[in-house]
Amino acid sequence: MKKLNFHIVKREPMVWYKSVLVRAAAIVAALLVSAVVITLLTGKNPLQIYASMISGAFGSSLRIWSLLQNIAILLCISLAVTPAFKMKFWNCGAEGQVLISGLATTAVMMFLGDSLPYPVLLLVMLAASVLAGVVWAVIPAFFKAMWNTNETLFTLMMNYVAIQFVAFFLKYFVKSGSGVLAPMPEHGLPVLAGQSYLLNIIIVAVLTLIVYIYLKKTKHGYEISVVGESENTAKYIGINVRKVVVRTLVVSGALCGIAGLLLVGGTNHTISTTTVDGRGFTAIMVSWLGKFNPVYMVLTSFLIVFLQRGAGQVSTDFRLPSAISDIVTGIILFFIIGCEFFLQYKILSAKNRKEND
Amino acid sequence: MLAFLVSSIRLGMAFLFGSTGETITEKSGHLNLGIPGVMCVGASCGCFAEYLYLSAAGPDANYFLAVFIPIIATMLGGAVMGLIFSFLTVTLRANQNVTGLALTTFGVGVSDYMIAETGAVYSKGSRFFTSSFPFAEDLGWFGELFLSHGILIYLAIIIALVSSFVLTKTRVGLNLRSVGENPATADAAGINVSRYRYAATCIGCAIAGLGGLSFIMDYLNGNWEYCIDAIGWLAIALVIFTVWKPSIAIIGSIIFGALYIASSYITGVSFASKEIFKMLPYVVTIVVLVFTSIRNKRDNQPPQSLGLSYFREER
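Every value quoted in this text rests on a predicted model; they were computed, and no experiment measured them. (Residues numbered from 1 in each chain as written. Chains lettered and ligands numbered in written order. Predicted model: local features only at pLDDT ≥ 70, side-chain atom pairs only at ≥ 80, totals over all residues.)

Enquirer: Would you explain the overall build of chain A in this entry?
Expert: Counting secondary structure elements, chain A contains 14 helices and two strands. Taking 21 Å as the expected radius of gyration for a compact globule of 357 residues, we find that chain A reaches 22 Å, a close match to that expectation. Considered along the principal axes of its C-alpha atoms, chain A spans approximately 80 × 60 × 40 Å. Sorting the 357 residues of chain A into buried and exposed places 48% on the buried side. (Helix = DSSP H or I, 4+ residues; strand = E, 2+ residues; numbered from the N terminus. Rg over C-alpha atoms; globule rule 2.2 N^0.38 Å. Buried ≥ 20, exposed ≤ 12 C-beta atoms within 10 Å, placed from the backbone.)

Below is the structure:
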């Protein structure tokens, strides 16, 4: 084999400001590449495009509220997948778990909305949506715990089953046959201080704190990280791995349930097959890029939502297909994913290596 | 009934390309969740190449070039996506699930852009892909079922058979499988793990890209109006359904095709219940997944280190 003239070693954890610099450099590089791509595709000046992105995200108070709302929902779903991921349970099914909870919320709003008193209705909505999320998450967890069934593929399939359930529901219960359910804001979550998204944002802020404490300071959180690091170690020190897997997915599913409630009860007041809109997958990236730390995840979800809202504005301002936003998001993700390498490893040339040895 | 079978085959082959490509990739230990994106990009490149060729050649477009230029463009597009995936996961040691999902986001963006900019203008090119043996019509049902298809259908079957042979009967296939099962041992035996993973992923993605081309040019007759990522996820499902064997996937893909379109051929079922029927391919996959894991037969398991990156220093 060819003799390598360089050598890769794991580095000590970086000082925080250096790691911020590396990530910032990656984002700048990504923006440069995106600029080239945008210019090639459209012939527009990339600087104008970035200005339009910023105005799309922060341009008016309405846009800022909408930005915060989108961050809240994405963050909530990311919080939901994080405990599972920390355990190395690759839950790719948040999309379906949120959607099925949304469906449960919708059903309660539709059938019980007029008959129950409002406070009771809210409780029933919460219970139904959490239950639906839990059921959808625990089915794959149970098979994983008992027979080690591949959870990535199982949860992926569950997404599509959930989508078809929603499609069925819409065709069966919407009397007009249009498959579009009219919004029911009268049965939605309460509106605080005249801002329809404020409650969502507060709930998610509280959840972020709770999940942070759950993962960092409790026995459950500790067991999750041990199982994630090494299942054998977990067994050896007397952790019941099967129990931890199922219990963690109950937590994960319940959080997805809350996300579904916020999305349907607090935002759209209706449901469609695209209500979750890929956030279940984006959440996986938010969680991973945030190193499974709820506080960092606030930043990563901000970054991704900013890119998406900004790119949406670009497509309206310049009459471009909205798909541009997905292309740019994809490129930026490649760079952020790639830059993690430079945070964890360093490359030594063969000469340096001798000195180091 | 005959029309149903023919449609199942035409749709199934799009799945077959995807699942053959993903099987090769997974055999090397890479779980590439970017297949939907790869198919989107492959289809975009192929369609765009076809468009360029047909507008350059005008009325004298010949069959051979009109078919092979898009096929090659598609495979190149797919391979570039595979290269991005391998570079991030092998060289930069990134997480495979996350990289795959980013690939899908990117690919869906590229294809949506293509749809928005060009729309369903590929019916002219599609004619080249759906034209088949001239004598097929004279042979009745036999001709329609086996000989009436376009070139991509036969290509899918040939690729699946060749991959199956290479994976099970050759030294290269054995090495590849050992990389997917236990990379540390493979490395110790002198197999270049990185090189195998790069090659398997790029070849797999090139093949999977053809699935996108086949779906648009053959099954949809060039009327590309919606994103094809669902086809990609089903192709990943098909890999499990056929327990990582491309030869079984030939039949499996036709079954999947049949399940996918069954709802529009079944009569006497309400409009709403058809949505329940569309669940079938996914539910069947889940059942197979559970069944194979409970039975725990060694031949039917996923590659042992599927989804795990291999770093020599961290053995």
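From this point, things continue past the structure.
Enquirer: Would you mind showing me how to read the overall build of chain B here?
Expert: Looking only at helices and strands, chain B features 14 helices and zero strands. For chain B, the sequential pattern of α-helices and β-strands runs α-α-α-α-α-α-α-α-α-α-α-α-α-α. Here chain B has a C-alpha radius of gyration of 20 Å; the compact-globule value for 315 residues is 20 Å, and the two agree. The 315 residues of chain B split such that 54% are buried. By sequence separation, contacts in chain B at least 24 residues apart represent 80% of the contacts at least 6 residues apart. (Contact = placed C-beta atoms within 7 Å.)

Enquirer: I tried to follow the confidence of the model for chain B on my own but got confused; where do I start?
Expert: Low-pLDDT portions of the prediction should not be read for the details of their coordinates. All names here are of chain B. Put simply, chain B has an average pLDDT of 83, and 91% of its residues get 70 or more. Helix 10 (residues 193-219) holds the highest mean pLDDT among the elements of chain B, 90, whereas helix 6 (residues 140-147) holds the lowest, 68. Among the scores for the predicted complex, ipTM is 0.82 and pTM is 0.84. (pLDDT = per-residue confidence, 0-100.)

Enquirer: Help me out: how do you make sense of the domain arrangement of chain A in this one?
Expert: Many authors give the size of an interface as the accessible area that is lost as the parts come together. Residue and element names in this part refer to chain A. According to the domain assignment, chain A contains domain 1 (1-44 + 328-357) and domain 2 (71-311). Once you take the C-alpha centre of each, domain 1 and domain 2 turn out to be 32 Å apart. In this assembly, five residues from domain 1 lie in contact with six residues from domain 2. Looking at side-chain class alone, the side of domain 1 that touches domain 2 contains four nonpolar, one polar and no charged residues. (Domains from an automatic or database assignment. Nonpolar A, V, L, I, M, F, W, Y, C, P; charged D, E, K, R; others polar.)

Enquirer: Can you help me understand the interface of chain A and chain B in this one?
Expert: At the junction of the two partners, chain A supplies 38 residues and chain B supplies 41 residues. Those elements giving two or more residues to the side of chain A that touches chain B turn out to be helix 5 (118-147), helix 6 (151-173), helix 11 (279-289) and helix 13 (323-344) of chain A. Broken down by element, the side of chain A that touches chain B gets its largest block of residues, 13 residues, from helix 13 of chain A. Looking at the side of chain A that touches chain B residue by residue, the classes come out as 26 nonpolar, eight polar and four charged.

Enquirer: I tried to follow the nonpolar core on my own but got confused; where do I start?
Expert: Side chains of a nonpolar character, in soluble globular proteins, are inclined to be buried together. All names here are of chain A. Counting residues in hydrophobic clusters, the biggest one holds 204 residues, and the most contacted among them are Cys76, Ile77, Met157 and Ala259. Split by domain, the residues of this core number at least three in each of domain 1 (1-44 + 328-357) and domain 2 (71-311). Here Ile77 is in contact with Ala94, Val98, Cys256, Ala259, Arg279, Gly280 and Ala283, once residues within four sequence places are set aside. (Core = buried A, V, L, I, M, F, W, Y, C linked by C-beta atoms within 7 Å.)

Enquirer: Got a minute to help me understand helix 12 (residues 246-265) of chain B in this structure?
Expert: It helps to recall that an α-helix has 3.6 residues per turn; residues three or four apart then point in one direction. Residue and element names in this part refer to chain B. The end-to-end C-alpha distance of helix 12, which contains 20 residues, comes to 28 Å, matching closely the 28 Å that a straight helix rising 1.5 Å per residue would cover. At Leu259, helix 12 shows its largest bend, some 30 degrees. Those residues of helix 12 lying buried are Pro246, Ala249, Ile250, Gly252, Ser253, Phe256, Gly257, Leu259 and Tyr260. Contacts made by the buried residues of helix 12 are with helix 1 (2-27), helix 7 (151-169), helix 11 (229-241) and helix 14 (280-295). (Expected span 1.5 Å × (residues − 1). Bend = angle between axes of the 7 residues up to and from the residue.)

Enquirer: How should I be thinking about the environment of Gly338(A) in this particular structure?
Expert: Counting through the fold element by element, Gly338(A) comes out in helix 13. A count of 20 C-beta atoms within 10 Å places Gly338(A) in the buried class.

Enquirer: Looking at this model, I keep getting lost on the packing of helix 3 (residues 63-91) of chain B against helix 5 (residues 123-130) of chain B. Mind explaining?
Expert: To characterise two packed helices, one gives the angle between the axes of the helices and the distance between these axes. All names here are of chain B. Here helix 3 crosses helix 5 at 100 degrees, and the two axes come no closer than 9 Å. Between helix 3 and helix 5, the crossing angle belongs to the class labelled roughly perpendicular. Side by side, helix 3 and helix 5 meet where Tyr63, Ala66 and Val67 of the first sit next to Gly125, Phe128 and Phe129 of the second. Within the contact of helix 3 with helix 5, the residues separate by chemical class into five nonpolar, one polar and no charged. (Axes fitted to C-alpha atoms, helices over the stretch in contact; angles between N-to-C directions. Parallel < 35°, antiparallel > 145°, perpendicular 65-115°, else oblique.)

Enquirer: Whenever I open this one, unusual backbone geometry confuses me. Can you help?
Expert: Glycine aside, residues mostly have negative phi angles, and peptide bonds mostly take the trans form. Located in the positive-phi region is Phe292(A), a residue other than glycine, with phi close to 60 degrees. On the secondary structure map, Phe292(A) appears in the loop between helix 11 and helix 12 (294-317). On the basis of neighbour counts, which here come to 21 C-beta atoms within 10 Å, the residue Phe292(A) falls in the buried class. We note that Val243(B) has phi near 40 degrees; this positive angle belongs to a residue other than glycine. Tracing the backbone shows Val243(B) in the loop between helix 11 and helix 12.

Enquirer: Teacher, can you tell me more about the environment of Ala137(A) here?
Expert: Residues and elements named next belong to chain A. Tracing the chain through its elements places Ala137 in helix 5. Here Ala137 falls in the buried class, since 34 other C-beta atoms lie within 10 Å of it. In this structure, the C-alpha to C-alpha distance between Ala137 and Ile347, residues 210 residues apart in sequence, is 41 Å. Among all residues touching Ala137, those that are not within four sequence positions of it are Gly93, Gln97, Leu249, Ser252, Gly253 and Cys256.

Enquirer: Please clarify how the packing of helix 7 of chain B against helix 8 (residues 171-181) of chain B should be interpreted in this entry.
Expert: Residue and element names in this part refer to chain B. Closest axis-to-axis distance for the helix 7/helix 8 pair is 5 Å, and the angle between their directions is 75 degrees. What the angle tells us is that helix 7 and helix 8 run roughly perpendicular. Of the residues in helix 8, those in contact with Val166, Leu167, Thr168 and Lys169 of helix 7 are Val172, Gly173, Leu176 and Arg177.

Enquirer: Any chance you could explain helix 11 of chain B here in plain terms?
Expert: Residue and element names in this part refer to chain B. The end-to-end C-alpha separation of helix 11 is 18 Å, in line with the 18 Å expected for 13 residues at 1.5 Å each. Here helix 11 lies mainly inside the structure; 12 of its 13 residues are buried. Just downstream of helix 11, Val243 is the residue with a positive phi angle, here 40 degrees.

Enquirer: Can you help me understand the environment of Ser163(B) in this one?
Expert: One can find Ser163(B) in helix 7. For the pair Ser163(B) and Thr23(B), spaced 140 residues apart in sequence, the C-alpha separation works out to 9.2 Å.

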